[in-house]
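Structural characterization, general
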2 protein chains.
Amino acid sequence: MEHTVKSYEAELMQLDHKLTQMGGLVEQLLGNAFQSLERRDPGLAAAAIASDRAIDQMQREIEEQAVSMIARRQPMAQDLRQIVSTLKVAGDLERIGDLAKNIAKRALAVAAESHPKSLISGLRHMSELAMASLKNVLDAYSSRDDEKALAVWRADQDIDALYNSVFRELLTYMMEDPRNIGLCTHLLFGAKNIERIGDHATNVAETVHYMVTGTPLVDDRPKGDTTSTMPIKPDPKGS
Amino acid sequence: MEHTVKSYEAELMQLDHKLTQMGGLVEQLLGNAFQSLERRDPGLAAAAIASDRAIDQMQREIEEQAVSMIARRQPMAQDLRQIVSTLKVAGDLERIGDLAKNIAKRALAVAAESHPKSLISGLRHMSELAMASLKNVLDAYSSRDDEKALAVWRADQDIDALYNSVFRELLTYMMEDPRNIGLCTHLLFGAKNIERIGDHATNVAETVHYMVTGTPLVDDRPKGDTTSTMPIKPDPKGS
């Protein structure tokens, strides 16, 4: 067995630091993935896709370190809560990385197509909101700021509302001209990925709330994404 | 503080039992969700949607019990690995529940539309494979059967391959007739949800492998879903 001279507090801080680093990488990947889609830049898309590997690796390291700390240090109450929270946040960040990577893959697929500027503007707005949520919730984690976490939790409604309108808009484009279907399908999945990234940011917000207050957020979050139950009638022009 | 008379082994078995119960509920939800889509049965869809709440609640209970056990019992090595694995599996099962619930929501959206039998047959096949993977990986968990877990891990390629062909087929339908776009969009997302359910089953397989052998599955899983990078050319008939 390895003897460690590091103090418990130093180990906790190191775990926290690693999570912050991981969050930074995920922010970067998300930004690059969306830019590669907007600018139709296959090189940037490929770089974004490749960067997800380092994020996965960091999640594994955080998990290993957290489990090892629980085993060696046998933390109680508040400390245990923090370690468990770190595990959960790392899980959500890993998922955000996956979703962002998928956006970059779709950027590769549509790189050769020219898409109307207006088509991407809704997606850009969604992506800006999602990136703000990610940034704010990582700040809330670092500063143990419950109010800031709750603000992210509430703001997800805006992303959902925007997703609904982007969803409708893309379907209208598809109905207007079948040549738009391939492109719009990729953009639809891209928009859905951003909406899911927002959901993961709210998961992190819930974890921060639990970590800071010791009580889970039990309220049902107001869900704004209604596209799943939206019966889509074809555009008259298309029928 | 509550005094407990239960033995450590009894507590571990109880945690395991709860996870098995949760797995059973998720299997049921997934079956009902797909049937509600295939049969266009809004009542069954609503029941499936409602049943997800109990699954979320069970995940919270498993998390609480697991964290409380770590804090009170301070388990080492093998026992700690089992508790951490239970936490992870509960997380994947919760996500599978969410994805299945989303399929049921889409069933509500398309309940009024009549869809060609051939359109749903690819989805049914996908759904059968995903349900088999879920069942097998839950069995592998219960019996600590690494071989069975690895078989699920490998079989996910088949779900991905099927998803690719369903994806192409749905896009072709959309291009042939814009009136299919609304329905096919919901079925596309439904198919993607099933593909994701397969991914979560492989996550569980990886956790079972780790739990049984003590070493992570580090190989990159052969990924069969290539739709993200598939540049879709419009059907000539549609242009």
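All figures in this text were calculated on a predicted structure; none of them were measured in a lab.

1. Some thoughts on the overall build of chain A
Within chain A, the secondary structure is distributed over 6 helices and 0 strands. Element order for chain A, N to C, with α for helix and β for strand: α-α-α-α-α-α. Across its three principal axes, chain A shows a C-alpha extent of roughly 70 × 40 × 25 Å. A total of 239 residues make up chain A; the buried ones form 55% of that total. Put simply, 86% of the contacts in chain A that link residues at least 6 apart link residues at least 24 apart. Surface exposure of chain A reaches about 10100 Å², of which carbon and sulfur atoms provide 52%. Once the 28 positive and 35 negative side-chain charges of chain A are each reduced to a mean point, those two points are 4 Å apart.

2. Let's talk about the interface of chain A and chain B
Interface size, as often reported, equals the accessible area lost upon joining of the parts. On the side of chain B, 43 residues touch chain A, which itself brings 44 residues to the contact. For the pair chain A and chain B, the summed buried area comes to about 4000 Å², and 64% of that belongs to carbon and sulfur atoms. Across the pair Lys88 of chain A and Glu63 of chain B runs a salt bridge, and its minimum N-O distance is 2.6 Å. Linking chain A with chain B are 4 residue pairs in polar contact (both at pLDDT 80 or more), by the criterion used here. Elements supplying a minimum of two residues to the side of chain A that touches chain B: helix H2 (42-73), helix H3 (77-110), helix H5 (146-176) and helix H6 (181-213) of chain A. For the side of chain A that touches chain B, the element with the most residues is H3 of chain A, which contributes 9 residues. Residue composition of the side of chain A that touches chain B, grouped by class: 22 nonpolar, 10 polar and 12 charged.

3. Observations regarding the relation of the copies chain A and chain B
Each copy of the sequence occupies a distinct position, and chain A is placed on chain B by a rotation of 180 degrees and an axial shift of 0.0 Å, giving an RMSD of 0.0 Å. Both copies of the chain, as the preceding transformation shows, are related through a two-fold rotation axis. For chain A, the minimum C-alpha distance to the rotation axis belongs to Gln74 of chain A and amounts to 2.9 Å.

4. Things to note about the confidence of the model for chain A
All names here are of chain A. When pLDDT is averaged across chain A, the result is 89; 91% of the residues are at 70 or more. Predicted confidence is poor over residues 234-239, with pLDDT under 50, and the contacts of this stretch with residues over four places away or in other chains come to 9 contacts. On the interface metric, ipTM, the complex scores 0.80, and its pTM is 0.86.

5. Observations concerning helix H1 (residues 8-38) of chain A
An ideal rise of 1.5 Å per residue puts 45 Å on 31 residues; H1 of chain A measures up with 45 Å between its terminal C-alpha atoms. Looking one or two residues beyond H1 of chain A, the residue adopting positive phi is Arg40 of chain A, at roughly 50 degrees.

6. Here's the deal with the environment of Phe167 of chain B
All names here are of chain B. Structurally, Phe167 can be placed in helix H5 (residues 146-176). A residue is classified by how much of its surface remains accessible, and Phe167, at 0% relative accessible area, is buried. Sequence separation between Phe167 and Leu188 is 21 residues; the distance between their C-alpha atoms is 6.4 Å.

7. Some points on the packing of H5 of chain B against helix H6 (residues 181-213) of chain B
Residues and elements named next belong to chain B. With their axes 9 Å apart at the nearest point, H5 and H6 run at an angle of 170 degrees to one another. Between H5 and H6, the crossing angle belongs to the class labelled roughly antiparallel. Looking at the contact of H5 with H6 residue by residue, the class counts come to 22 nonpolar, 5 polar and 7 charged.

8. A few points about the environment of Ala132 of chain B
Among the secondary structure elements, Ala132 of chain B is positioned in helix H4 (residues 117-142). Counting along the chain gives 62 residues from Ala132 of chain B to Ile70 of chain B, while the straight-line C-alpha distance between them is 33 Å.

9. Points about the side chain of Asn102 of chain A
For Asn102 of chain A, the location among the structural elements is in helix H3. Asn102 of chain A sits in the buried class, given a relative accessible area of 13%.

Cut-off values and rules
- Residues numbered from 1 in each chain as written.
- Chains lettered and ligands numbered in written order.
- Predicted model: local features only at pLDDT ≥ 70, side-chain atom pairs only at ≥ 80, totals over all residues.
- Heavy atoms only, no water.
- Helix = DSSP H or I, 4+ residues; strand = E, 2+ residues; numbered from the N terminus.
- Buried < 20%, exposed > 50% of the residue type's maximum accessible area, 1.4 Å probe, protein only.
- Contact = heavy atoms within 4.5 Å.
- Areas by Shrake-Rupley, 256 points an atom, 1.4 Å probe, with all protein chains shown as cover.
- Lys, Arg positive; Asp, Glu negative; His and termini not counted.
- Charge placed at Lys NZ, Arg CZ, Asp CG, Glu CD.
- Buried area = accessible area lost by both parts, 1.4 Å probe.
- Salt bridge = Lys/Arg side-chain N within 4 Å of Asp/Glu carboxyl O.
- Polar contact = N/O pair within 3.5 Å; in protein donor to acceptor, adjacent residues only side chain to side chain.
- Nonpolar A, V, L, I, M, F, W, Y, C, P; charged D, E, K, R; others polar.
- Least-squares fit on C-alpha atoms with pLDDT ≥ 70 in both.
- pLDDT = per-residue confidence, 0-100.
- Expected span 1.5 Å × (residues − 1).
- Axes fitted to C-alpha atoms, helices over the stretch in contact; angles between N-to-C directions.
- Parallel < 35°, antiparallel > 145°, perpendicular 65-115°, else oblique.

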